[in-house]
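# A closer look at the structure
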Amino acid sequence: MKLFMTIARDLADRDLRFRQILAELIANDYSLRDTADIAEQRQKFIFEPLSQLEGPLSRNVVVVIDALDESGAEATRRDILRILSACDVQLPSSIRIVLTSRPIMDIRQALLANQHVQARSLNDIEAESVTHDITRYISTTLKELGAAFSDKDVEHLAAKSNGLFEWARLACDFLRPRFGVEPEDCFREITSHVAGDASTLLDEMYTTFLKDLTTGSSLNKFRSVMWQILWSKEPLSISTLDSMRCKFTRKVDHFSVCIILGYMVSFLTGTTDLSTPVRPMHASFYDFLLDKKRSGEFFIDEADIHHELALSSLCVMQDGLRFNICGLETSYVRNSAVADLEKKIEKNIPLHLLYSCRFWATHLHDSPFDTGLANNVMAIVIGERILFWMEVLGVCKCIGEAYRALISAEGWLQVSILYYTS
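Residues numbered from 1 in each chain as written. Predicted model: local features only at pLDDT ≥ 70, side-chain atom pairs only at ≥ 80, totals over all residues. Heavy atoms only, no water.

Moving on, we get to the pairing of strand β1 (residues 61–65). Alternating positions in β1 separate cleanly, Val 61, Val 63 and Ile 65 being buried on one face and Val 62 and Val 64 remaining unburied on the opposite face. Direction of pairing for β1 relative to strand β2 (residues 95–99): parallel, over a ladder of 5 bridges. If you follow Val 64 over to β2, its bridge partner there is Val 98. (Buried < 20%, exposed > 50% of the residue type's maximum accessible area, 1.4 Å probe, protein only. Helix = DSSP H or I, 4+ residues; strand = E, 2+ residues; numbered from the N terminus. Pairing = 2+ DSSP bridges.)

Bringing unusual backbone geometry into the picture now. In most cases, non-glycine residues show a negative phi, while peptide bonds are predominantly trans. A positive phi angle, near 55°, is found at Ala 67, a position not held by glycine. Position of Ala 67 among the secondary structure elements: in the loop between β1 and α4 (74–84). With a phi angle near 50°, Asn 324 is a residue other than glycine that sits in the positive phi range. Within the secondary structure, Asn 324 is located in the loop between α16 (305–320) and α17 (341–348).

All right, on to the packing of α16 against helix α18 (residues 351–365) then. Packed helix pairs are characterised by how far apart their axes lie and by the angle those axes make with each other. In contact at an axis separation of 8 Å, α16 and α18 are set at 135° when each is read in the N-to-C sense. The angle between the axes of α16 and α18 places the two elements in the oblique class. Considering the relative orientation of α16 and α18, their crossing is left-handed. Facing α16, whose interface residues are His 306, Leu 309, Ala 310, Ser 313, Leu 314, Val 316, Met 317 and Gly 320, α18 presents His 352, Leu 353, Tyr 355, Ser 356, Cys 357, Trp 360, His 363 and Leu 364. (Axes fitted to C-alpha atoms, helices over the stretch in contact; angles between N-to-C directions. Parallel < 35°, antiparallel > 145°, perpendicular 65-115°, else oblique. Left-handed = near helix turned anticlockwise from the far one by under 90°. Contact = heavy atoms within 4.5 Å.)

So, about the pattern of salt bridges. The tally for this structure, following the rule as stated, stands at 16 salt bridges. Across the pair Lys 247 and Asp 319 runs a salt bridge whose closest N-O atoms are separated by 2.4 Å. Of the two residues, Lys 247 sits in the loop between α12 (238–245) and α13 (258–261) while Asp 319 sits in helix α16, which places them 72 residues apart along the sequence. Exposure remark for Asp 319: the relative accessible area of 56% places this residue in the exposed category. (Salt bridge = Lys/Arg side-chain N within 4 Å of Asp/Glu carboxyl O.)

The next subject is the environment of Gly 394. Here Gly 394 shows up in helix α20 (residues 385–395). Accessibility expressed as a relative area gives 24% for Gly 394, which makes it partly exposed. For the pair Gly 394 and Asn 335, spaced 59 residues apart in sequence, the C-alpha to C-alpha distance is 8.5 Å. Discounting residues that sit within four places of it in the chain, Gly 394 has contacts with Asn 335 and Ile 399.

Counted by the stated rule, this structure contains 0 disulfides. Counting only cysteine sulfurs, Cys 172 is the nearest neighbor of Cys 186, a cysteine outside any disulfide, at a range of 12 Å. A residue is classified by how much of its surface remains accessible, and Cys 186, at 4% relative accessible area, is buried. Not engaged in a disulfide, the cysteine Cys 398 finds its nearest cysteine sulfur in Cys 396; these two sulfurs lie 5.9 Å apart. Taking relative accessible area as the criterion, Cys 398 reaches 11% and is therefore assigned buried. (Disulfide = S-S within 2.5 Å.)

The next point concerns the side chain of Ser 313. On the secondary structure map, Ser 313 appears in helix α16. Judged by its relative accessible area of 0%, Ser 313 is buried.

With that settled, consider helix α19 (residues 371–381). All of the buried residues in α19 are Leu 373, Ala 374, Asn 376, Val 377 and Ile 380. All buried residues of α19 project into a common sector of 160° when viewed along the axis, lining one side. The backbone nitrogen of Gly 372 has a side-chain oxygen 3.0 Å away, supplied by the residue at the start of α19, namely Asp 370. Remark: Gly 383 follows α19 within two positions and exhibits a positive phi of approximately 115°. (Arc of directions from axis to C-beta. Polar contact = N/O pair within 3.5 Å; in protein donor to acceptor, adjacent residues only side chain to side chain.)

Keep in mind these numbers describe shape, not what the thing actually does.
Now the structure itself:
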């Protein structure tokens, strides 16, 4: 998590004095460049430079932290919430933080009890104001698309949205000019449903979109890709997804995710760049796919995906791990003292290998016993590959994950073998 690193960089871009102080702090402590400690990032990158400034920042600053609820699991957010709930004590009056989130329980409990936090729900905003903004958004977007819709059509769409911006965005995307499709037919399709609450409207829009995208065998490919995306332990890029799935058991799954993701720009980011992690445009899309009552034929359950991800991770490790993977000249110096270590890691440890090294045991834990899978585990943990695996975790500052992985794998092997032989 590099939240405060990002904020510090943006502050440095806006105030040359802050930039100079920050540069000196990093130059005097090289380890700060790679720190994953949220508290240290806050102190070293934000509070210390601000405290050393002579006078206030050159202008008022509003820091926007958007969609905090999508930053990871509750455990991932814990330290961030602890820091944000107390940051008013040290931040100067020229800095304000705007944070957006769905009303997740841990976020509400951490922030709403603090006097310095002013909360406002979108439900409290006047309906007329929301409708006005959505109408303006739809009108502007459709004009940019070159679509010929009347003011009455725009008003109809705005009323249909029931105050939901995400519905309006998807509706405009659905009305984009496409080969062989009349925009008027699309308009009638998305406005023909009876108005409902926000979740129902979104579900109808998602279903309409997906039915338009998936026909015949493409539905199976859609499920295959979304299985991998939804059940991976962190967002992965197209190139990483492809490198993992080429190790899947079934030959029918050995296709590039671009076949599906290339048509899903309305739902996901990272679909046009091979190196950008694929993420949902709106968290409700994943919620929709994971709820069978809502998504129906597009429901994505766990099925045997963890077996596939565990197997592909182990195969990637067998193929990719090697002695001195980064080509270091000596092992007698600390990693922090190795010149250009980050560049060596980027060059020699591809992201699909790093993902496999970090999460193979997690997927294994969620997989049913399989002798072939067990043999692949033994191929890693017995012999020299286990040392090469630890080396990757070490240079990538993930060595703390090794102990938990081995304990988890040992438990899986013991329980599974006992069950299998009983």
